[in-house]
Amino acid sequence: MSVSASALAFVGAGALGQSFAGLLAKNGEAVTLLATPRTAAALLAAGRIRLRGVVECDIATAPAPAPPGSVGVTTNAADLPTGVGLIFLTKGHDLAGAIAHVRTAWPKDDDDTSWVAGLQNGLAKDDMLAAAFGAARVVPGATILGGGRGADGAVTVTALGMTYLGEMQGGSSPRVDAAIDALMAAGIPAQAPASIQSILWSKACNAAGVFGVSVLARATGPQMSGDPSMMRAYLALVRETAATGAAYGVTVGNYPNFPPIHTYTVTPDEETVAKILKPGPLPRGGSLPSMTQDVLAGRPMEVEQVFGDLVARAERAGVAAPCLTFVRDVLRGIDRISRGD
Ligand SMILES: NC(=O)c1ccc[n+]([C@@H]2O[C@H](COP(=O)([O-])OP(=O)(O)OC[C@H]3O[C@@H](n4cnc5c(N)ncnc54)[C@H](OP(=O)(O)O)[C@@H]3O)[C@@H](O)[C@H]2O)c1
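Residues numbered from 1 in each chain as written. Predicted model: local features only at pLDDT ≥ 70, side-chain atom pairs only at ≥ 80, totals over all residues. Heavy atoms only, no water.

Chemist: I'd like a rundown of the nonpolar core, residues and numbers included.
Modeler: Tyr234, Ile261, Met291, Met301, Phe307, Leu324 and Leu331 are the most contacted members of the largest nonpolar core, which has 45 residues in total. When residues of this core are traced back to their parent elements, those giving at least two are helix H6 (196-217), helix H8 (228-247), helix H9 (261-266), helix H11 (290-296), helix H12 (303-317) and helix H13 (322-338). Take this core: its biggest share by element is twelve residues, from H6. Taken domain by domain, this core gets at least three of its residues from each of domain 1 (8-194) and domain 2 (197-338). Grouped together as the second largest cluster of nonpolar side chains are 40 residues, Phe10, Leu33, Leu51 and Val71 included. (Core = buried A, V, L, I, M, F, W, Y, C linked by side-chain atoms within 4.5 Å. Buried < 20%, exposed > 50% of the residue type's maximum accessible area, 1.4 Å probe, protein only. Helix = DSSP H or I, 4+ residues; strand = E, 2+ residues; numbered from the N terminus. Domains from an automatic or database assignment.)

This is the structure in structure tokens:
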């Protein structure tokens, strides 16, 4: 077990922020977590982060800087450490505000080595981080670690899926290797893929298909893959996203823990549907994708970060994206209505 200042720090103490910070601290590291005032107060009052589900542990919290083996919680960006990778784990629509707050006090003028990443859904986050911190400090990343915050404040970790980090131009680097080592040592699967851009676009394809169909149909994952019409709608969104990525020189791939996006783009849709479809009545159970959970709970959806950004990229590249555009526009409307805007 290491007992040292962590190579990573986090912004956003929600499901992912508490999971990443908590698991690193459980491994003996001193981890800093920048939270909103209400969640910082709740975590400090509780004196612990509670992770349940595929991991079951309580991790001590304390005001930052916390001792090794605990999570140092702060609301002040000036408390963020020097020489770390700072991973933003706010929702996409809160990212601009979080970046603006952090940028007022971090990184310090003499901190040449700190870097930033964002694991939000969508591709917009890296451009936003580059605009604020400079492209050289940005390490693109994505995660399929899954979790959610319960009403009692505990975080249920539903899957320890892979976290990917990689340099913008491809491959790894000493700073990426150090982050991967820290995550792996904490029991969080992590790797630097040959092309992080291929990961990001493949994940964007799946997110566009799953969120687009599920929000409109209020369908669970098993229901979508149990219905040929919803499958075709999913594949249409995947194809338009993949075509947009191709216009930017990125080839989508087949990666563990999410659907074989490359195969979907080179196989006739009816063949894919026939292969995946489970005959019989639609399953009643199954969890709803996060964006559908958000709209049903009256929370904002990440419409602009996922669909708005993809449509803008398609338009800039001259790629026809009528399905993505339709979904963006309808979801914008649903988002306004559900928020009473
Ligand atoms: N959860 C998953 O399974 C999963 C998987 C892959 C990707 N993602 C993506 O990862 C991102 C985070 O997801 P999540 O499920 O962890 O969301 P979440 O539970 O809603 O957590 C977001 C956190 O960000 C905090 N926040 C908002 N503005 C902030 C600011 N200015 N400064 C500091 N903290 C701020 C929120 O504060 P409050 O505590 O006050 O609400 C909340 O704690 C999303 O973009 C999501 O799409 C999630």
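What follows continues from the structure just given.
Chemist: Please give an account of the site of the ligand that cites residues and values.
Modeler: Every one of the 25 residues lining the ligand counts as a neighbour, but Thr36, Arg38, Thr39, Asn121 and Glu302 are closest to it. In the model, an oxygen atom of the ligand is placed 2.9 Å from a nitrogen or oxygen of the Leu16 main chain. Here an oxygen atom of the ligand sits 2.8 Å away from a polar atom, N or O, in the side chain of Arg38. Calculation on the ligand without its partners gives an accessible area of 900 Å², and the protein chains cover 84% of this total. Only helix H1 (15-26), helix H2 (37-46) and strand E9 (146-149) provide two or more residues apiece to the shell around the ligand. (Near = heavy atom within 4 Å. Polar contact = N/O pair within 3.5 Å; in protein donor to acceptor, adjacent residues only side chain to side chain. Areas by Shrake-Rupley, 256 points an atom, 1.4 Å probe, with all protein chains shown as cover.)

Chemist: Hey, could you go over the environment of Ala98 for me, with residue numbers and the actual values?
Modeler: Mapped onto the secondary structure, Ala98 falls in helix H3 (residues 95-103). Remark: the alpha-carbon pair of Ala98 and Ala35, spanning 63 residues in sequence, is separated by 9.6 Å. Excluding its chain neighbours within four sequence positions, the residues that come into contact with Ala98 are Val11, Phe88 and Thr90. (Contact = heavy atoms within 4.5 Å.)

Chemist: Describe the packing of H8 against H12, with residues and values.
Modeler: Viewed as axis vectors pointing N to C, H8 and H12 meet at an angle of 50 degrees, and their least axial separation amounts to 9 Å. As far as their axial angle goes, H12 and H8 are oblique. Judged by the twist between their axes, the crossing of H8 over H12 is left-handed. Where H8 approaches H12, its residues Thr241, Thr244 and Ala247 are matched on the opposing element by Leu310, Arg313, Ala314 and Ala317. When its residues are assigned to classes, the contact of H8 with H12 shows four nonpolar, two polar and one charged. (Axes fitted to C-alpha atoms, helices over the stretch in contact; angles between N-to-C directions. Parallel < 35°, antiparallel > 145°, perpendicular 65-115°, else oblique. Left-handed = near helix turned anticlockwise from the far one by under 90°. Nonpolar A, V, L, I, M, F, W, Y, C, P; charged D, E, K, R; others polar.)

Chemist: Explain the domain arrangement of the protein chain residue by residue, including any values.
Modeler: The domains assigned to the protein chain are domain 1 (8-194) and domain 2 (197-338). A C-alpha centroid distance of 26 Å is found between domain 1 and domain 2. Contacts between the two partners involve 20 residues from domain 1 and, on the opposite side, 20 residues from domain 2. Both faces considered, domain 1 and domain 2 share a buried interface measuring about 1,700 Å² in area, 60% of it formed by carbon and sulfur atoms. Ranking the residues of domain 1 by area buried against domain 2 places His93, Asn121 and Leu123 at the top, with a combined share of 39%. (Buried area = accessible area lost by both parts, 1.4 Å probe.)

Chemist: Lay out the sheet that holds strand E6 (residues 85-88) with the relevant residues and their values.
Modeler: Whether parallel or antiparallel, the strands of a sheet pair through hydrogen bonds between backbone atoms. Strand order in the open sheet made by the nine strands is E7-E6-E1-E2-E5-E4-E3-E10-E9, with mixed pairing throughout. Both outer strands of the open sheet, strand E7 (115-118) and E9, are each paired with one neighbouring strand and no more. Neighbour-to-neighbour, the strand axes of this sheet turn through a mean angle of 30 degrees, independent of strand direction. Where H2 meets the sheet, it contacts strand E2 (31-34), strand E3 (48-53), strand E4 (57-63), strand E5 (71-74) and E9, and its direction lies at approximately 110 degrees from that of E4. (Pairing = 2+ DSSP bridges.)

Chemist: Outline the sheet that holds strand E8 (residues 141-143), listing residues and values.
Modeler: The strand order E8-E11-E12 describes an open sheet built from three strands, whose pairing is mixed. Both edges of this open sheet fall to E8 and strand E12 (190-191), since each of them pairs with a single strand only. For E8 and strand E11 (residues 163-165), the ladder comprises three bridges, and the chain directions are antiparallel. Bridging from a neighbouring strand, Thr143 pairs with Thr163 of E11. In the packing of H6 onto the sheet, the strands contacted are E8 and E11, and the crossing angle to E8 comes to about 45 degrees.

Chemist: Describe the pattern of salt bridges, and please don't skip the residues or the numbers.
Modeler: Here the structure, examined in full by the defined rule, presents 16 salt bridges. Arg336 serves as the salt-bridge partner of Asp341, at 3.4 Å between the closest nitrogen and oxygen. Where salt bridges share partners, they join Glu304, Arg328, Asp329 and Arg332 into one cluster. (Salt bridge = Lys/Arg side-chain N within 4 Å of Asp/Glu carboxyl O.)

Chemist: Give me empty space enclosed by the protein: which residues, what numbers.
Modeler: Tallied over the entire structure, the rule returns one cavity of 30 Å³ or more. In this model, the largest cavity occupies a volume close to 70 Å³. Around the largest cavity, the lining residues are Leu119, Gln120, Asn121, Gly122, Leu123, Lys125, Gly141, Ala142, Leu200, Lys203, Ala204 and Ala207. If you list the elements that add at least two residues to the lining of the largest cavity, you get E8 and H6. Here the lining of the largest cavity gets four residues from one element, more than from any other, and that element is H6. Taken together, the residues of the lining of the largest cavity sort by class into six nonpolar, four polar and two charged. Looking at which domains feed residues into the lining of the largest cavity, each of domain 1 (8-194) and domain 2 (197-338) supplies at least three. (1 Å grid on protein atoms, 1.4 Å probe; cavity = no way out; pocket = protein on both sides within 12 Å on 5 of 7 lines; lining within 4 Å. Points joined across faces, edges and corners; volume = space filled by probe spheres on them.)

Chemist: Go over unusual backbone geometry, please, and point to the residues and values.
Modeler: For the peptide bond that leads from Ala64 to Pro65, omega is 0 degrees, which places it in the cis range. Looking at the secondary structure, you find Pro65 in the loop between E4 and E5. In this chain, Trp106 is followed by Pro107 through a cis amide linkage whose omega measures -5 degrees. Despite not being glycine, Asn257 has its phi angle at roughly 75 degrees, a positive value. Position of Asn257 relative to the elements: it lies in the loop between H8 and H9.

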